[in-house]
Amino acid sequence: MAAEAGMLELPFVRDDQLTRCMRLRFQSLQQKNARPQDGEKLLRPNEHIYRVDFIRQHNLCFLRWDIQLERPGKVTVTGTSQHWTPDLTHLMNRQLLEPVGIFWKKPGAKEVECNEADAQEFGERIAELAQIRKVMYFLLAFTDGLEPAQLKGSIIFKA
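Reading guide: rules and limits
Residues numbered from 1 in each chain as written. Predicted model: local features only at pLDDT ≥ 70, side-chain atom pairs only at ≥ 80, totals over all residues. Heavy atoms only, no water. 1 Å grid on protein atoms, 1.4 Å probe; cavity = no way out; pocket = protein on both sides within 12 Å on 5 of 7 lines; lining within 4 Å. Points joined across faces, edges and corners; volume = space filled by probe spheres on them. Helix = DSSP H or I, 4+ residues; strand = E, 2+ residues; numbered from the N terminus. Nonpolar A, V, L, I, M, F, W, Y, C, P; charged D, E, K, R; others polar. Salt bridge = Lys/Arg side-chain N within 4 Å of Asp/Glu carboxyl O. Buried < 20%, exposed > 50% of the residue type's maximum accessible area, 1.4 Å probe, protein only. Pairing = 2+ DSSP bridges. Axes fitted to C-alpha atoms, helices over the stretch in contact; angles between N-to-C directions. Contact = heavy atoms within 4.5 Å.

1. Some words on the layout of surface pockets
- Empty space within the largest pocket amounts to approximately 280 Å³.
- Forming the walls of the largest pocket are 15 residues, and the residues nearest its centre are R64, W65, D66, F103 and C114.
- Of all elements in the fold, only β4 (61–69) and α2 (116–130) reach the threshold of two or more residues within the lining of the largest pocket.
- For the lining of the largest pocket, the residue count by class is eight nonpolar, two polar and five charged.

Set out below in structure tokens:
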């Protein structure tokens, strides 16, 4: 949790089970030589599903992202409007939210950089969605050699 009073830090939690299920959907389509549904988003090998559980939903005000990368690389964080159910409804492209958060670390750099305007707008949108959700799912795409194990991330709100 955030150390300062009145702040709430909500971590990104890797959802390996959901990621695995989405990969099985892709493999199933390949084996059957079938096409995905029109507009369906299939998970690429560098993409993983994460979730944020809103332990508090109301009166959250986005403050900042806390994204730490152990090595140089880039991670793109895309929010989804998807509510996964036990029957695992397929993720559709129209359920991917904009803007996305793009965070990167250059070789030799200590700090993670981002497009501040998009990251701010994205964080504010998440705070709005938290009012009607207990959990929110995110699609994280890792590039430039970055792996999920090299990421530690959270969203910090004023509560």
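2. Some remarks on the pattern of salt bridges
- This model, assessed by the stated rule, comprises seven salt bridges.
- The partner of D15 in a salt bridge is R51, and the shortest N-O contact between them spans 3.9 Å. Taken together, the residues span a long stretch of sequence, with D15 in the loop between β2 (13–14) and α1 (16–31) and R51 in strand β3 (residues 47–53) at a distance of 36 residues.
- By relative accessible area, which is 22% here, R51 ends up partly exposed.

3. Here's the deal with the environment of N93
- Mapping N93 onto the fold places it in the loop between β5 (73–79) and β6 (101–105).
- A C-alpha to C-alpha distance of 5.9 Å links N93 and E40, two positions 53 residues apart in sequence.

4. A few points about the sheet that holds β4
- With antiparallel pairing, three strands are arranged side by side in an open sheet as β1-β9-β4. Strand pairing shows two members of the sheet lacking a second neighbour, β1 (7–11) and β4, which therefore form its edges. Along the sheet, successive strands turn relative to each other by an average axial angle of 20°, direction set aside.
- As judged from the five bridges shared by β1 and strand β9 (residues 151–158), these two strands associate in the antiparallel manner. Across the sheet, residue E9 finds its bridge partner in β9, namely I156.
- Sitting on the sheet, α2 is in contact with β4 and β9, with an inclination near 120° to β4.

5. Considerations on unusual backbone geometry
- In the segment running from E98 into P99, the intervening peptide bond is cis, with an omega of 0°.
- Summarising the element assignment, P99 is placed in the loop between β5 and β6.
- At N59, a position not held by glycine, the phi torsion is positive, near 60°.
- With respect to the element layout, N59 can be found in the loop between β3 and β4.
- For N59, a relative accessible area of 63% corresponds to the exposed category.

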